[in-house]
Amino acid sequence: MTRFLPRTAPPIRAGGLVAATALLLAAAPPTAASAAPTAAAPVVALGGPAQTALHPYAEGGDGPKRSTARITVTGADDTAYEGEFTVTFDLTGAAGVADLAFAPEAGIECAATAPGSATAPGSATCTGHGISPGRSTVTDLLLTAAEGSEQGDTGTVRVTGEARGAAFTPFTTEVTVGGPDLVMHRLPFDHEPVPGQQQQAPITFTNRGSRAAEGVVLTLRHSRGLDIPQRYSNCAYTTDGAWTTARCTVEGAFEAGATYTLAAPLTLKTTDRAYRDIFGYGIHEAGASAGTARGATAARASRGPAGGSDDVLRAVPAPRPTAARALDLEPGDNEHEADFRTENTADFVAYGDTASGRAGATVTARLGFRNDGPAWIGHLRSGESVAAVDFTVPQGATVTSAPEGCRGVSAEGTALPTGRTGPAPRYVCPTPATVRDDGGLDLAFGLRIDKVLLGAVGRVVVRGPEPRAAGLPFDPDPGNNAARVVLNGESGGPSPAPPEGPGDDAPGTPAPATPTPGAAGAGDTAAPGAAPNTATGNGGSLAATGSPTARAASGLAVAALTAGLVLFTAARRRRGA
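Along each chain, residues carry numbers from 1 onward, in the same order as the chain's sequence is written. Two thresholds apply to this predicted model, a pLDDT of at least 70 for residue-level local features and 80 or more for giving and counting side-chain atom pairs, whereas whole-chain, interface and lining totals are computed over all residues. Only hydrogens and water are set aside; all other atoms, that is, all heavy atoms of the structure, feed into the side-chain values.

### Some remarks on the overall build of the chain
No. 1: A run of H or I in DSSP becomes a helix once it reaches four residues, and a run of E becomes a strand once it reaches two; helices and strands are each numbered from the N terminus. The number of helices and strands found in the chain is 1 helix and 40 strands.
No. 2: Relative accessibility decides the category of a residue: with a 1.4 Å probe and only protein chains considered, values under 20% of the type maximum give buried, values over 50% give exposed, and everything between is partly exposed. Expressed as a percentage of the 577 residues in the chain, the buried residues total 51%.
No. 3: Two residues qualify as a contact provided that any one of their heavy atoms is within 4.5 Å of a heavy atom in the partner residue. Restricting the contact set of the chain to residue pairs at least 6 apart, pairs at least 24 apart contribute 82%.
No. 4: For the chain, the exposed area adds up to about 24300 Å²; of that, 51% sits on carbon and sulfur atoms. In this description, accessible areas are obtained by the Shrake-Rupley approach with a 1.4 Å probe, and a residue is regarded as covered only by the protein chains that are shown.

Here is the structure:
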């Protein structure tokens, strides 16, 4: 299954559930197997899926299909537990409903501790040594429906823990026989569109489960270079600098064996700012919708048009089933993602600064770059930096403060010797994984003037994130990738590019900063400055350096989804299935 959150850790999967959408760490009063915590005792939490759907029992063939419930332990963020621990599973609550086996992790041993059978499973324990900070796996419960169980039967497995010098929060997971199995159909997109191109997206899904899904949530998520012009009254929207997400709730019963599609297909548009983009689309039962669009930042949430549309077709509801909500037998086929590569460009323009002061004075140099577009640039899959700002400090000056994330290097650009502290002659500042078409990287360095050198020049270069890949393949104008910082120049006006120009040296190897009396002459052109003490991938307003005026960056144009989401039955329940 492809996932909506390229930069997030893979969700723990459990028994046909995406645990990222159903994970609940249940708290309960202490028992004999969970000692009361002391002031110094670390507290660890047992967890897993709140519910797990089981394929109904089937005679013959390869036997019943297994579902998996991953049981985890979450240690304190800053404390590791070094001793032995025991996790106990009380299986009596699942007697006659589920048969269980264990698939422990390396270094953990699991075994039955009380007599049991398929109708009275008894109990079991898993033992291990050491609990690291954060979440780790204890075991995978391998679950199948018990012989004689029926659709809708439910049971529970209670999990407790015990260790000397640590306290455990117990956990209970519920198992249910039967459930829907919503399968999203993959759409045949053109994955190399051009700006302005529109493609139809006729979202279609099938319920291959053993019961109807009572209401569904369609999750649509696209990155900044894409847009869906329609907006729906039964959708909730969240946006941030990189993503727009819509969660659209559709009421009704979606029957087992039936296929559904949108009454009118969505339109997926490639905008003028597209470059490398992603569109994700998934379907979940309404009870399982919370968190299904993983990784979306709820920077802004809104509903569709007030009142919605009156000409909305809806699926004919079936009688409400009595089985538990929020289950899916095979969650791996609920959603898909499509990647798009658009031929487009983004012009990264470097800017520098000028400052003057006496020997011993500290001044602020604002420098960085802006993205003049038209494309936004994002490394959504890898999460790697888009670019880096490479700043060579002017001679006669010492850096007293550098933006967070900037690292000092030698004058040649190599790593500083191990253990060396203090200011460096050169700094490299990486961008985030995304740079908007109205963004950039704004940096503020504190510089102490140790010696007044008339027209001392430092160099600013925006380049690839690594010196060995210093080019910007999407940038059509490398001539504006360099600028300079001038201290105590004769004129006061900033000079946007060093005298030798960026073409004379590779972007990753700025020319040495040498004092050049009179280099900042009256004919130099003013370059945009930067917001003080900021280093962001989204840019922002760039204050004019050497001038009291400010230059405001253009606002984020939010992609939206509109006008009446509806589903209708494309294929009725298969008779006799």
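Structure's up, so let's keep going.
### Some remarks on the environment of aspartate 333
No. 1: Among the structural elements, aspartate 333 can be located in the loop between β24 (301–303) and β25 (335–341).
No. 2: If we ignore the near neighbours within four places in the chain, the residues touching aspartate 333 are Asp181, Leu182, Val183 and Met184.

### Concerning unusual backbone geometry
No. 1: The omega angle of the peptide bond from glycine 373 to proline 374 is 10°, so this bond is cis rather than trans.
No. 2: Mapped onto the fold, proline 374 is located in strand β28 (residues 362–374).
No. 3: In this structure, asparagine 488 is a non-glycine residue whose phi angle is positive, near 55°.
No. 4: Here asparagine 488 is to be found in the loop between β37 (482–487) and β38 (542–543).
No. 5: Take asparagine 488: its relative accessible area is 11%, and that puts it in the buried class.

### Here we look at the pairing of strand β17 (residues 213–223)
No. 1: Across the 11 residues that make up β17, a large majority, 11, are buried.
No. 2: Criterion used throughout: strands pair if DSSP finds at least two bridges between them. Where β17 meets strand β20 (residues 243–254), 10 bridges bridge the pair, whose relative direction is antiparallel. Bridge pairing in β20 places arginine 221 opposite threonine 245.
No. 3: Bridge count for β17 against strand β23 (residues 276–285) is 7 bridges, and the pairing is antiparallel. Looking across to β23, one finds that threonine 219 is bridged to glycine 282.

### Considerations on the packing of aromatic side chains
No. 1: Pairing of aromatic rings covers Phe, Tyr and Trp, the last counted by its six-membered ring, and requires centre-to-centre distances within 6.5 Å; plane angles under 30 degrees mean stacked, over 60 mean edge-to-face, and any other angle means tilted. Applying the stated criterion to the full structure yields 14 aromatic pairs.
No. 2: Pairing phenylalanine 85 with phenylalanine 168 gives two aromatic rings, centres 6.5 Å apart and planes at 35°, and the pair type is tilted. A residue pair is termed long-range when its members are at least 10 positions apart, and phenylalanine 85 in strand β6 (residues 81–90) and phenylalanine 168 in strand β12 (residues 167–169) qualify at 83 residues. Each member of the pair, phenylalanine 85 together with phenylalanine 168, is buried.
No. 3: Between phenylalanine 205 and tyrosine 260 the ring centres are 5.5 Å apart and the planes differ by 25°, which places this aromatic pair in the stacked class.

### Points about the state of the cysteines
No. 1: When two cysteine sulfur atoms lie within 2.5 Å, the pair is treated as a disulfide. In total, this model carries 3 disulfides according to the counting rule given.
No. 2: Across the disulfide from cysteine 235 sits cysteine 248; the S-S distance is 2.0 Å. Handedness of the cysteine 235-cysteine 248 disulfide follows from its S-S torsion of about 105°: it is right-handed. One end of the pair, cysteine 235, is in strand β19 (residues 235–239); the other, cysteine 248, is in strand β20, and 13 residues separate them in sequence. The same class applies to cysteine 235 and to cysteine 248, which are both buried.
No. 3: The side chain of cysteine 406 participates in a disulfide bridge whose partner is cysteine 429; the two sulfur atoms lie 2.0 Å from each other. Measuring handedness by torsion sign, the sulfur bridge of cysteine 406 and cysteine 429 sits at about 115° and is right-handed.

### With respect to the pairing of strand β36 (residues 456–463)
No. 1: By the criterion of burial, β36 is predominantly enclosed, with 8 of the 8 residues buried.
No. 2: Here β36 shows no split at all, with Ala456, Gly458, Val460 and Val462 on one side and Val457, Arg459, Val461 and Arg463 on the other all buried.
No. 3: Pairing between strand β30 (residues 388–392) and β36: 5 bridges, direction antiparallel. Bridge pairing links aspartate 390 to valine 461 in β36.

### Quick look at the nonpolar core
No. 1: What is meant by a nonpolar core is a set of buried Ala, Val, Leu, Ile, Met, Phe, Trp, Tyr and Cys residues, joined one to another through side-chain atoms within 4.5 Å. Grouped together as the largest cluster of nonpolar side chains are 37 residues, with contacts concentrated most on Phe348, Leu367 and Phe445.
No. 2: At the level of elements, β26 (346–351), β28, β30, β31 (397–401), β33 (426–430), β35 (440–449), β36 and β37 are the ones that each hand at least two residues to this core.
No. 3: Among the nonpolar cores identified, the runner-up in size contains 30 residues, and Ala201, Leu218, Phe254 and Leu268 belong to it.

### Focus on the confidence of the model for the chain
No. 1: Of all residues in the chain, 68% attain a pLDDT of 70 or more, and the chain-wide mean is 75.
No. 2: Confidence of the predictor in every single residue is expressed as pLDDT, which spans 0 to 100. Scored below 50 in pLDDT, residues 1–39 shows 124 contacts in the model against residues more than four places distant or in partner chains.
No. 3: Every residue in residues 568–577 is under pLDDT 50, and counting partners more than four places away or in other chains gives 21 contacts.

### A short note on the environment of valine 183
No. 1: Structurally, valine 183 is set in strand β14 (residues 182–184).
No. 2: Note on valine 183: relative accessible area 6%, which makes it buried.
No. 3: Spatially, the C-alpha atoms of valine 183 and threonine 206 are 5.2 Å apart, while their sequence positions differ by 23 residues.
No. 4: Once you skip the residues sitting within four places of it in the chain, valine 183 turns out to touch Thr204, Phe205, Thr206, Arg208 and Asp333.

### With respect to the sheet that holds strand β10 (residues 134–145)
No. 1: If you walk across this open sheet you meet the 5 strands as β7-β10-β5-β3-β12, and the pairing is mixed. Taken across any chain shown, the strands that pair with only one partner, and hence form the sheet edges, are β7 (98–104) and β12. For this sheet the average axis-to-axis angle between neighbouring strands, irrespective of direction, equals 25°.
No. 2: By the bridge criterion, 3 bridges tie strand β3 (residues 43–47) to strand β5 (residues 67–75) in an arrangement that is antiparallel. Orientation is described by axes fitted as lines to C-alpha atoms, over the contacting stretch for helices, and by angles from 0 to 180 degrees between their N-to-C directions.

### What to know about the sheet that holds strand β11 (residues 154–163)
No. 1: Ordered by their spatial adjacency, 6 strands build an open sheet running β4-β13-β11-β6-β9-β8, and the pairing between neighbours is mixed. Every interior strand has two partners, whereas the edge strands, β4 (51–54) and β8 (109–112), have only one. The sheet shows a mean angle of 20° between the axes of neighbouring strands, taken without regard to direction.
No. 2: Judged from the 4 bridges that link them, β8 and strand β9 (residues 123–131) form a sheet pairing that is antiparallel. The residue bridging alanine 112 from the neighbouring strand is alanine 124, located in β9.

### A look at the pattern of salt bridges
No. 1: Whenever a carboxyl oxygen of Asp or Glu lies within 4 Å of a side-chain nitrogen of Lys or Arg, that contact is scored as a salt bridge. Tallying each qualifying case throughout the model produces 11 salt bridges.
No. 2: Residue aspartate 437 is joined to arginine 224 by a salt bridge in which the shortest nitrogen-to-oxygen separation is 2.7 Å. With aspartate 437 in the loop between β34 (434–435) and β35 and arginine 224 in the loop between β17 and β18 (226–227), the pair connects residues that are 213 residues apart, well separated along the chain. For the pair aspartate 437 and arginine 224, a shared accessibility class is recorded, and that class is buried.
No. 3: Of the charged contacts, one joins arginine 381 and aspartate 339 as a salt bridge, the two residues approaching to 2.8 Å between their closest N and O atoms. One end of the pair, arginine 381, is in the loop between β29 (377–378) and β30; the other, aspartate 339, is in strand β25, with 42 residues separating them in the sequence.
No. 4: Beyond isolated ion pairs, a larger network of salt bridges with shared partners links Glu337, Asp339 and Arg381.

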